[in-house]
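Examination of the molecular architecture
Residue-level listing of the chains:
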Amino acid sequence: MAGQAPGHEVNGPPALELRGVTKRFGDLLANDGVDFDVRRGEVHALLGENGAGKTTLMRIVYGLSGPDAGEIRVAGRPVAIHSPRDAIAAGIGMVTQHFALVRPMTVAENLVLGRVPGLRLHPAEARRRALEASERFGIGAAPDAVVGRLSVGQQQRVEILKALARDCRILILDEPTAVLVPHEVAALFETLRHLVAEGLSVVFITHKLGEVRAISDRVSVLRRGRLVGTVAGTTPEPELARMMVGRPTFGVMREGAARARGGESVLRIDRLRVETSAGRPLVRDVTLEVGAGEIVGVAGVSGNGQTELVEVLSGMRRPAAGSVRVGDVELAGRRPAAVMAAGVGRIPEDRHASLVGELSVAYNLVLERLDDFRRGGALDEGRIRAEAEALIARFSIRARPGDRVATLSGGNVQKVLLARVLSREPRVLVVSQPTRGLDVGATEYVRRELLARRAAGTAILLVSEDLDEILALSDRVVVMYEGEIVGEMAAPEADLERLGLLMAGRGRAA
Amino acid sequence: MSLSRRLLSPWSTPVLATGAIVITFALTAGPILVAGANPVAAYFEFLVSPLTSRFTALEVLVAATPILFTGCAVAVAFKAGYWNIGAEGQLLLGAVAAAGIGQAAGGLPQLVVLPLMIAGGALAGAGWALVPAVLRVRFEIDEVVTTLLLNPVALLFVTGLLHGPWRDPVSGFPESPRIVAVAELPQLLDRSRLHLGFLVALALVGLAWYALARTPAGLRLRATGLSPHGARFAGIDVGRTLLGAALVSGAIAGIGGMSEVAGIQYRLTGGLSPGFGYTGIVVAMLGGLSMPGVILAAVFLGDLTVGASSAGRALGIPSQLGAVVQGTLLLVTVGLLALRRYRLARPAEAAAGGATDALAAVALAGDVADEPDPEAGS
Amino acid sequence: MSFLVDLLAATLRNATPLVYGTVGETYTERAGVLNLGIEGTMYAGAFFGFAVAFATGSPLLGLGAAVLVGLLAGGIMALLTVTLGANQHVSGIGLTIGLIGASEFVNRLVFTGQEAKRITPFPTLEAPAALGPLAPLFSQYALTWVAFLVVVPLAWWLLHRTTFGLEVRAVGEDPEAADAAGIDVFRTRYLALMLGGALMAVGGAFFTLALLGTFTLDIIAGRGWVCIALVIFGRWRIFRGVLGALLFAAVFSLQFRLRILPGWDSIPFELLLALPYLVVILALAISGRNVAYPGAYLKPYRRT
């Protein structure tokens, strides 16, 4: 259902207008002559796949990045924006994907950051102002709460409050629902409709078609840095999808029936418990089994313990209690070398940190098993190169063995990781956010590889924020919420609504 | 990119090092003028005149010897991501060990004594590096502070020995008795102070180069320095690697101390090290953390040191100007390296910290493997 | 009893330069920058303060010169690490080498001749006799009074109760968030570094302008490094850092007094001198684990 806000005016100059904005990062043309405008009192969605240039464009508007060409106009007048300070002065506010909040500080301190004139800072005064702003905009936030301890949804509210308290007329939200559960999304949309009714303009960056139609008046679609077109928010989804990717996609899907539980369990996690150094539980008594040739998908909003679970399985973190067994080898608390030796392959969510970017592709590919490539006391460079070339061919990596990994595109980095892991024929794969940030081609490649492994009998644990991906690939789905597994079901029984409720902590399965 | 294109690009390491030297001299022209001398004449004295006579040219190598050791030691540690600022103290402890063995070694053949002294220097230096290393690996306590603090303690230890049990009974001065003749490092050439220590230093630098560039342990060390998380993920025991790097670094610095005692001073003295450990940091950075670079930088700074004292005599400029130039050179080098990384970085590279083309491209064309960016945070 | 009073008085006195240095370095590190130039800054403050005092006859002018030197040193460090984003460890060491070299260079140039140069230092402010046995405790240099009663509370207030302090803390924790909030990250770091540098230089000048009245080589003897350790020991908090400074000064003062006691005089005094440094290392080993460094510690800030 499209959102038609009353007070949506077409008269007068647009609240925000971009003309011919261009931005380059080295060889990459992130934005290519983009023309874009937002009217007063409008919710304007900026739609595109990952890497289409949406965030880059808005970072330019907010002064976090400088354009190579183009002009920005606010209320019809050209403005020069060189820093967030300039943007704020021009009435632009932005809520970024990774919130710009200083975590150890309180809500009141964050609200007041950069705003208090003069030298003195009165804590009581700051608190009062925070409460005042909170009431004025109808967004609840406790002034003395330490931001780092708030839930993600609450943090986002503080971010929005921060922007509003600066009298912004144009509010930019970058993928705001990526970290929210369905009922929080509904609350956010309600807030936006309320704000827009008062004349605020909203730019809403997203890659989710459903949201576009639920909330926006108009949609601008970006593809590979170019503006494809601006259409009404009521435009049907297939057409929007076509504008986004240039062709209809159905994606890679699991073929055949989901495997019923019955295969032999290869990976057994038993009452795993992970805590912070202060004792706060991050993973609570998680018990889970994955059988050979089975994909178990772990769904859940980021921040509910999935990252820590994967860290323990990868050997990068020690659990407080519990056991992780592969076959009859106990792996909980063991280091990566032992985990790998037991036949576990790991595709982590932070690709760049898990490789050594400054070393070559070849060295990275063999880094886990250097001792296999010795000649006497030295490295056998010839064999390393040969191995690298073989893996590059087998996994279609677009790079030469001597290239530094840091220069590779996201998709190729993921392929290097895949090659490194899969070349060892692991029994178990622990995979986290495998297609995040990848283009369509790379995404399909990765998913096909995972399904091929499944067919070959590997036990796969797949953690992903992308529910569509979970549903497309998994045999079984579990949901994590606040560190616990709150639901488990076979893939055919899983649907978005049920999963959404579980992810939000409601409708717990017995 | 072809070798010649790399060298000629405005930001290649040789160009950068040259630029740093030029800018440094421009900046230090001021103090020279204040001291009442002509900057051009001063720089001539500094850089060129040491090379004009056989004796002084060899003195350049003598001056380069101790900082070859410390430069190599610091470079190895920094490459692993271990910020060993304690090379000064490690060198002094190596000197103590050498002086001790050297005094007691009468009656043993030189072929036994010299290796013994080297081993003693290495063990002492490594031993002094042990505690900060363990604190870092086991308890994650910043090694910068602990290695730094042990420097004044090492100096106090030396002074304590020299005022106490090792005070020379013959002269009564706070310097140790002379080591026995067999413990002395033989001179390499007559009418020159150049001693075997210089060759030992070169051998160590060569060994270090080989180990870092060609062995699995060396690759693991480099990986740890470039990306500790990535190295750990790949199964590398980061703690053990850091510990190893720290101990090797301390050992090399310790052998440097032994070299000064057995090759130049023939005894332990309070003024043995005018900051060799800190100069080693300058050498390591100027050399781009590469071994060939360390050699070039050490010789350059040795040239500066000899030149500074001759400039002092010839032009009346205090020889401390050498330290001013050193400090300025380090700052300018570090600044230019940062500027280069900023200019050339692409976003993915900026995240990884950019890269340095080593002077290796010039000196030893084999080592075109990736070098870590000495500018990358920590 | 009088031994205790005397010891406490000496502790306060000897802690003074450390307090200045630690508070200065705390500000710098709170803003996200490690300034290893502290040893050189203290040294340069000591020397140039002395030189100006010698030339003008006024220790107060010398103090002013030290402040200027400190501001300059902080500014150079900021230029390198903030504007250029250079490696902080190496920049700091380079600054220390350069400043010590420059000080000794000028020393050699200006102060020729064998006799040590002296100035009339700042006087100790004698406490009223009415305080009786406690009087020595309160007979301190003005700089000491200022350190404990003015600088420390003011530094705390500035850091926690003013916008500047909030900006310093934000910039040290999360510069991207601070930038997005409209704070000038570079400017804040420059100010923190320069303020820190000025304080460090005053700490160094305390040796020449108050305590000793003369300048000697190696006058700082690694106490700048001690401040670095004390900041970590103090978990980047002003009061806790000052506590560390008092601890070091107490051990330092104690070992001087122990030496003259019978039985202790056979222990080499170098060992006793080394004791305070070792105690600091021990303190770090015990309490320095799992400390929460400021979020942006050692990371230069860049907008892409």
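Residues numbered from 1 in each chain as written. Chains lettered and ligands numbered in written order. Predicted model: local features only at pLDDT ≥ 70, side-chain atom pairs only at ≥ 80, totals over all residues.

**Some words on the overall build of chain B**
Within chain B, the secondary structure is distributed over 16 helices and zero strands. A total of 378 residues make up chain B; the buried ones form 62% of that total. Partitioning the intrachain contacts of chain B with sequence separation of at least 6 by distance along the chain shows that 77% fall at a separation of at least 24. (Helix = DSSP H or I, 4+ residues; strand = E, 2+ residues; numbered from the N terminus. Buried ≥ 20, exposed ≤ 12 C-beta atoms within 10 Å, placed from the backbone. Contact = placed C-beta atoms within 7 Å.)

**Looking at the overall build of chain C**
Scanning chain C for helices and strands turns up twelve helices and two strands. Going from the N terminus to the C terminus, chain C shows its helices and strands as α-α-α-α-β-α-β-α-α-α-α-α-α-α. Against the compact-globule benchmark of 19 Å for 304 residues, chain C has a radius of gyration of 20 Å, which places it among compact chains. Dimensions of chain C along its principal axes, counting C-alpha atoms only, are 65 × 45 × 40 Å. By residue count, 56% of the 304 residues in chain C fall in the buried class. Sequence-distant contacts, at least 24 apart, represent 78% of the contacts inside chain C between residues at least 6 apart. (Rg over C-alpha atoms; globule rule 2.2 N^0.38 Å.)

**Notes on the interface of chain C and chain A**
Where interface size is quoted, it is often the accessible area lost as the parts come together. Across the boundary between the two partners, chain C contributes 19 residues, which contact 19 residues of chain A. Only helix H7 (163-173) and helix H8 (175-180) of chain C provide two or more residues apiece to the side of chain C that touches chain A.

**A word on the pairing of strand S19 (residues 428-432) of chain A**
Within a regular beta strand, the side chains point alternately toward one face of the sheet and then the other, so they alternate between its two faces. Residue and element names in this part refer to chain A. Counted residue by residue, S19 has five buried out of five residues, so it is predominantly covered. Neither face of S19 is exposed, since Val-428, Val-430 and Ser-432 on one face and Leu-429 and Val-431 on the opposite face are all buried. Bridge count for strand S16 (residues 344-347) against S19 is four bridges, and the pairing is parallel. Among the inter-strand pairings, Val-344 is bridged to a residue of S19, identified as Val-428. (Pairing = 2+ DSSP bridges.)

**Looking at the interface of chain B and chain C**
Of the residues lining the interface, 47 residues belong to chain B; the matching set on chain C comes to 43 residues. Every element with two or more residues in the side of chain B that touches chain C is listed here: helix H6 (110-139), helix H7 (143-163), helix H12 (276-286), helix H14 (321-344) and helix H15 (347-352) of chain B. Ranked by residues supplied to the side of chain B that touches chain C, first place goes to H14 of chain B with 14 residues.

**As for helix H11 (residues 238-259) of chain C**
Under the 1.5 Å per step criterion, the end-to-end length of H11 of chain C is 32 Å for 22 residues, consistent within 8% with the ideal 32 Å. In the core, the buried residues of H11 of chain C are packed alongside helix H1 (2-30), helix H6 (142-161), helix H10 (223-233) and helix H12 (269-287) of chain C. (Expected span 1.5 Å × (residues − 1).)

**Observations concerning the environment of Phe-122 of chain C**
Looking at the element boundaries, Phe-122 of chain C is found in the loop between helix H4 (88-110) and strand S1 (124-125). Residue contacts for Phe-122 of chain C: discarding those within four places in its chain leaves Pro-59, Tyr-141, Ala-142, Leu-143, Leu-209 and Ala-210 of chain C.

**Structural notes on the sheet that holds strand S7 (residues 170-174) of chain A**
All names here are of chain A. What the six strands build is an open sheet, ordered S6-S7-S8-S3-S9-S10; its pairing is mixed. Only two strands of the sheet have a single neighbouring strand rather than two, namely strand S6 (92-95) and strand S10 (226-232). Ignoring strand direction, the axes of neighbouring strands in this sheet form an average angle of 20 degrees. For strand S3 (residues 43-47) and strand S8 (residues 201-206), the ladder comprises five bridges, and the chain directions are parallel. Among the inter-strand pairings, Val-43 is bridged to a residue of S8, identified as Val-202. Across the sheet, helix H5 (residues 152-165) is in contact with S6 and S7; its angle to S6 comes to roughly 170 degrees. (Axes fitted to C-alpha atoms, helices over the stretch in contact; angles between N-to-C directions.)

**Digging into the packing of helix H2 (residues 38-56) of chain C against helix H3 (residues 59-83) of chain C**
All names here are of chain C. At a closest axis distance of 7 Å, the pairing of H2 and H3 adopts a crossing angle of 145 degrees. Crossing hand, H2 versus H3: right-handed. Residue-level contacts link Thr-41, Ala-44, Gly-45, Phe-48, Gly-49, Phe-50, Val-52, Ala-53 and Thr-56 of H2 to Pro-59, Leu-61, Gly-62, Leu-63, Ala-65, Ala-66, Val-69, Gly-70 and Ala-73 of H3. The residue makeup of the contact of H2 with H3, split by class, is twelve nonpolar, six polar and no charged. (Left-handed = near helix turned anticlockwise from the far one by under 90°. Nonpolar A, V, L, I, M, F, W, Y, C, P; charged D, E, K, R; others polar.)

**Topic: H7 of chain C**
Along H7 of chain C, nine of the eleven residues are buried, which leaves the element largely enclosed by surrounding structure. The set of residues buried in H7 of chain C consists of Gly-165, Leu-166, Glu-167, Val-168, Arg-169, Ala-170, Val-171, Gly-172 and Glu-173 of chain C. Elements in contact with the buried residues of H7 of chain C: helix H3 (107-112) of chain A together with H1, H6, H8 and helix H9 (185-211) of chain C.

**A closer look at the sheet that holds strand S4 (residues 69-74) of chain A**
Residue and element names in this part refer to chain A. Read from one edge to the other, the open sheet built from four strands follows the order S2-S1-S4-S5, with strand pairing classed as antiparallel. Each having just a single partner strand, strand S2 (28-38) and strand S5 (77-79) make up the two edges of the open sheet. Each strand axis lies, on average, 30 degrees off the axis of its neighbour in the sheet, ignoring direction. In terms of strand pairing, S4 meets S5 through three bridges, oriented antiparallel. Its bridge partner being in S5, Ile-72 is matched across the sheet by Val-79.

**Here we look at the nonpolar core**
Within the largest apolar cluster, 302 residues are counted, with the highest numbers of intra-cluster contacts made by Cys-72, Leu-149 and Val-294 of chain B together with Ala-229 of chain C. Counting 92 residues, the second largest nonpolar core, distinct from the first, contains Val-274, Val-326, Phe-373 and Ile-485 of chain A. (Core = buried A, V, L, I, M, F, W, Y, C linked by C-beta atoms within 7 Å.)

**Overview of the packing of helix H3 (residues 39-48) of chain B against helix H13 (residues 291-315) of chain B**
The description of two packed helices rests on the angle between their axes and on the distance between the axes. Residues and elements named next belong to chain B. At a minimum axis distance of 6 Å, the contact between H3 and H13 shows a crossing angle of 135 degrees. When the interaxial angle is binned, H3 and H13 end up oblique. As H3 packs across H13, the resulting crossing turns out to be right-handed. Contacts from Ala-41, Ala-42, Glu-45, Phe-46 and Leu-47 of H3 reach H13 at Asp-303, Leu-304, Gly-307, Ala-308, Ser-310, Ala-311, Ala-314 and Leu-315. Of the residues that constitute the contact of H3 with H13, the class distribution is nine nonpolar, two polar and two charged. (Parallel < 35°, antiparallel > 145°, perpendicular 65-115°, else oblique.)

**Focus: the environment of Tyr-141 of chain C**
Residue and element names in this part refer to chain C. Topologically, Tyr-141 is positioned in strand S2 (residues 140-141). Separated by 19 residues in sequence, Tyr-141 and Phe-122 place their C-alpha atoms 7.1 Å apart. Beyond its immediate stretch of four places on either side in the chain, Tyr-141 contacts Phe-122, Thr-124 and Ala-210.

**Here's the deal with the confidence of the model for chain C**
Overall, the predicted model of chain C reaches an average pLDDT of 89, with 99% of residues at or above 70. Taken over the whole predicted complex, pTM reads 0.82, whereas the ipTM for its chain interfaces reads 0.85. (pLDDT = per-residue confidence, 0-100.)

**So, unusual backbone geometry**
Even without being a glycine, Arg-271 of chain A presents a positive backbone phi close to 45 degrees. Locating Arg-271 of chain A in the fold gives a position in strand S11 (residues 265-275). Looking at Arg-271 of chain A, the number of C-beta atoms within 10 Å reads 12, which means it is exposed. Backbone geometry at Leu-298 of chain C places phi at a positive 70 degrees, although glycine is not the residue there.

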